[in-house]
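Structural overview
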Amino acid sequence: MKIHEYQAKEILAKYGVAVPRGEMAATYDEAVDVAKRLFAGGAKAVVVKAQIHAGGRGKGGGVKVTKNLEAAEDAIKAILGMQLITHQTGPLGQKVQRLLIEEGSSIERELYLGIVLDRATSKLVFMASQAGGMEIEEVAAKDPSAIVKETIEPAVGFMPYQARNLAFALGLKPEQINDAVKLMTGVYKAFIETDATLLEINPFITTTDGKLAALDCKINFDDNAMFRHKELKDLRDVAEEDPLEVEASKYALNYIKLDGNIACMVNGAGLAMATMDIIQYAGGSPANFLDVGGGANAQQIEHAFEILLSDKGVKAVFINIFGGILRVDTLANGVVSAAKNLGITVPVILRLEGTNVEQGRQILAESGFNFIVGETMQDAAEKAVAAVQ
Ligand code: GDP
Ligand code: MN
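Residues numbered from 1 in each chain as written. Chains lettered and ligands numbered in written order. Predicted model: local features only at pLDDT ≥ 70, side-chain atom pairs only at ≥ 80, totals over all residues. Heavy atoms only, no water.

1. Considering the overall build of the protein
- Scanning the protein for helices and strands turns up 14 helices and 18 strands.
- Expressed along its principal axes, the backbone C-alpha trace of the protein runs to roughly 80 × 50 × 40 Å.
- Across the 389 residues that make up the protein, the buried fraction comes to 47%.
- Long-range pairs, those at least 24 residues apart, make up 67% of the contacts in the protein between residues at least 6 apart in sequence.
- Within the structure as shown, the protein displays about 18500 Å² of accessible surface, and the carbon and sulfur contribution to it stands at 52%.
- Positive and negative side-chain charges of the protein, numbering 39 and 50 respectively, have mean locations separated by a distance of 4 Å. (Helix = DSSP H or I, 4+ residues; strand = E, 2+ residues; numbered from the N terminus. Buried < 20%, exposed > 50% of the residue type's maximum accessible area, 1.4 Å probe, protein only. Contact = heavy atoms within 4.5 Å. Areas by Shrake-Rupley, 256 points an atom, 1.4 Å probe, with all protein chains shown as cover. Lys, Arg positive; Asp, Glu negative; His and termini not counted. Charge placed at Lys NZ, Arg CZ, Asp CG, Glu CD.)

Below, the structure is given as structure tokens:
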């Protein structure tokens with residue numbers, strides 16, 4: 001689960017990490033009101049920041065530093081409601097429905113801090129870099145040595161000496177080292193206690209008066225841990241998510257929309273990955289990842305179909321099911337009833353194996369619909385690719 005910058009900063013603040021003063025606003029009047037209060041409170045600058053679940057907002061025109069109320073009003077007008085396009089939003093961009101109005105900081109240096117899980121070592125890695133502010137992925141690709149890493153041993157956690165190593169690598173001044181250690185320890189604690197999967201502060205700044213602060217923050221949480229974080233669930237902003245993915249999550253379907261034209265309906269994440277691979281191998285391109293789960297019922301199959309078919313790019317549906325907990329005849333009944341209720345017009349290609357496969361095939365054959373059945377996974381994939389050509 002992703003959250004907005006202003007929400008991530010509220011979490012950081014709870015863990016003692018310094019963040020600029022500011023407030024979220026969802027309307028023009030609210031935003032102007034916050035800007036007014038910040039200027040009245042002595043702010044020399046006010047920053048207007050688009051809140052969308054994507055980075056690169058600065059380059060895309062979604063972050064503006066203003067020096068007076070008039071300029072702040074202009075920036076609010078320009079950014080609120082705009083269709084913000086960044087390298088992370090895709091070509092259509094994302095509509096800006098919330099703003100963070102924040103006191104401007106006088107930046108001395110822009111640095112980077114981040115924690116991610118390193119799957120190679122199965123351990124968390126705390127990263128720091130002097131090359132903050134810009135795209136860290138680019139830094140990692142062009143000059144990996146510019147990113148310093150401390151691997152965290154799960155049994156002992158993030159140690160103060162590791163924070164000191166990172167602080168020195170950032171070239172901080174001697175009098176800033178203790179502050180940096182405290183701040184990084186807070187960041188680590190926030191990561192662990194919220195079951196985050198990614199936490200990035202980019203830029204992590206030093207100010208001209210020697211202070212440290214998080215000027216931007218991104219946190220992703222582990223969906224599988226949300227059951228023990230009721231307080232985090234409320235931070236979800238479905239307006240930022242793909243509408244089809246939101247719909248799918250209501251029926252406990254694991255769905256991710258992709259750009260191709262062959263929709264996939266599969267049970268089991270591993271089989272879903274293999275199905276996407278074999279479609280590519282056969283020369284096609286998958287329209288989605290969809291795992292209906294091991295125990296799907298006929299109703300879920302129908303909902304899954306509904307979601308697949310509301311993607312206008314879909315030219316064929318490839319169903320690849322191994323009947324285990326989900327019996328093949330149950331699946332077949334779901335497919336037939338979906339075909340009846342939804343009036344499916346695109347070709348449906350199936351590859352079925354497992355429990356009750358014979359009954360399943362019979363149900364499909366007697367349904368009166370023209371389903372295409374593949375002998376093997378590869379055969380079915382080739383038939384699906386041929387069907388869209
Ligand atoms: P991102 O582009 O989505 O990562 O958004 P950021 O929050 O990182 O902001 C982008 C850039 O705007 C930062 O790297 C800063 O250079 C600039 N910026 C943001 N806030 C301030 C501020 O308070 N003062 C100044 N001078 N620049 C800022
Ligand atoms: Mn940033």
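2. Things to note about a nonpolar patch on the surface
- Residues Val-156, Met-159 and Tyr-161 make up a contiguous nonpolar surface patch of roughly 280 Å² in combined accessible area.
- Among the structural elements, Met-159 can be located in the loop between β9 (147–152) and α6 (160–169).
- For Met-159, a relative accessible area of 31% puts it in the partly exposed group. (Patch = residues over 30% accessible without salt bridge, like charges linked within 9 Å, V, L, I, M, F, W, Y side chains within 5 Å. Salt bridge = Lys/Arg side-chain N within 4 Å of Asp/Glu carboxyl O.)

3. Details of the coordination of the manganese ion (ligand 2)
- Every protein donor of the manganese ion (ligand 2) is listed here as Asn-202 (O) and Asp-216 (OD), and their distances to the metal cover 2.2 Å. Taken together, the positions of Asn-202 in strand β10 (residues 196–207) and Asp-216 in the loop between β11 (212–214) and β12 (218–221) put the pair 14 residues apart, joining distant regions of the chain. An identical accessibility class is assigned to Asn-202 and Asp-216; each is buried. (Donors = N, O, S within 2.8 Å, 3.2 Å for Na, K, Ca; no water.)

4. A word on the packing of aromatic side chains
- With the rule as written, the count across this model stands at three aromatic pairs.
- Ring geometry for Phe-369 against Phe-371: centres 5.7 Å apart, planes inclined by 45°, an arrangement best described as tilted.
- These aromatic residues form a ring-pair network of at least three members: Phe-126, Phe-158 and Tyr-188. (Phe/Tyr/Trp six-rings, centres within 6.5 Å; stacked < 30°, edge-to-face > 60°.)

5. Looking at the site of ligand 1
- Around ligand 1, a shell composed of 16 residues is seen, among which Lys-49, Arg-57, Gly-58, Ser-105 and Glu-110 lie nearest.
- Residue Gly-58 places a main-chain N or O atom 2.8 Å away from an oxygen atom belonging to ligand 1.
- Side-chain polar atom of Glu-110 to an oxygen atom of ligand 1: 2.6 Å apart, as the coordinates give it.
- The fraction of the free accessible surface of ligand 1 (570 Å²) that becomes covered by protein chains is 80%.
- At the level of secondary structure, the elements contributing two or more residues to the shell around ligand 1 comprise β2 (46–50), α3 (57–60), β3 (63–66), β7 (107–118) and β10.
- Split by residue class, the shell around ligand 1 holds six nonpolar, six polar and four charged. (Near = heavy atom within 4 Å. Polar contact = N/O pair within 3.5 Å; in protein donor to acceptor, adjacent residues only side chain to side chain. Nonpolar A, V, L, I, M, F, W, Y, C, P; charged D, E, K, R; others polar.)

6. Overview of the packing of α6 against helix α7 (residues 177–193)
- Remark: α6 packs on α7, axes separated minimally by 9 Å, with the N-to-C direction vectors making an angle of 120°. With respect to their mutual orientation, α6 and α7 come out oblique. In the crossing of α6 with α7, the sense of the turn from one axis to the other is right-handed. Two secondary-structure elements touch here, α6 through Pro-160, Ala-163, Arg-164, Leu-166, Ala-167 and Phe-168 and α7 through Ile-177, Ala-180, Val-181 and Met-184. (Axes fitted to C-alpha atoms, helices over the stretch in contact; angles between N-to-C directions. Parallel < 35°, antiparallel > 145°, perpendicular 65-115°, else oblique. Left-handed = near helix turned anticlockwise from the far one by under 90°.)

7. Points about the side chain of His-4
- By secondary structure assignment, the location of His-4 is in the segment before α1 (5–14).
- For His-4, a relative accessible area of 0% gives the class buried.
- Not counting the four nearest positions on each side in its chain, His-4 is found in contact with Gln-51, Ile-52, His-53, Arg-98, Asp-237 and Glu-240.

8. A few points about the pattern of salt bridges
- A complete count under the given rule lists 21 salt bridges for this structure.
- Salt bridges linked by common partners bring Glu-5, Lys-9, Lys-49, Arg-57, Glu-102 and Asp-216 together as one network.

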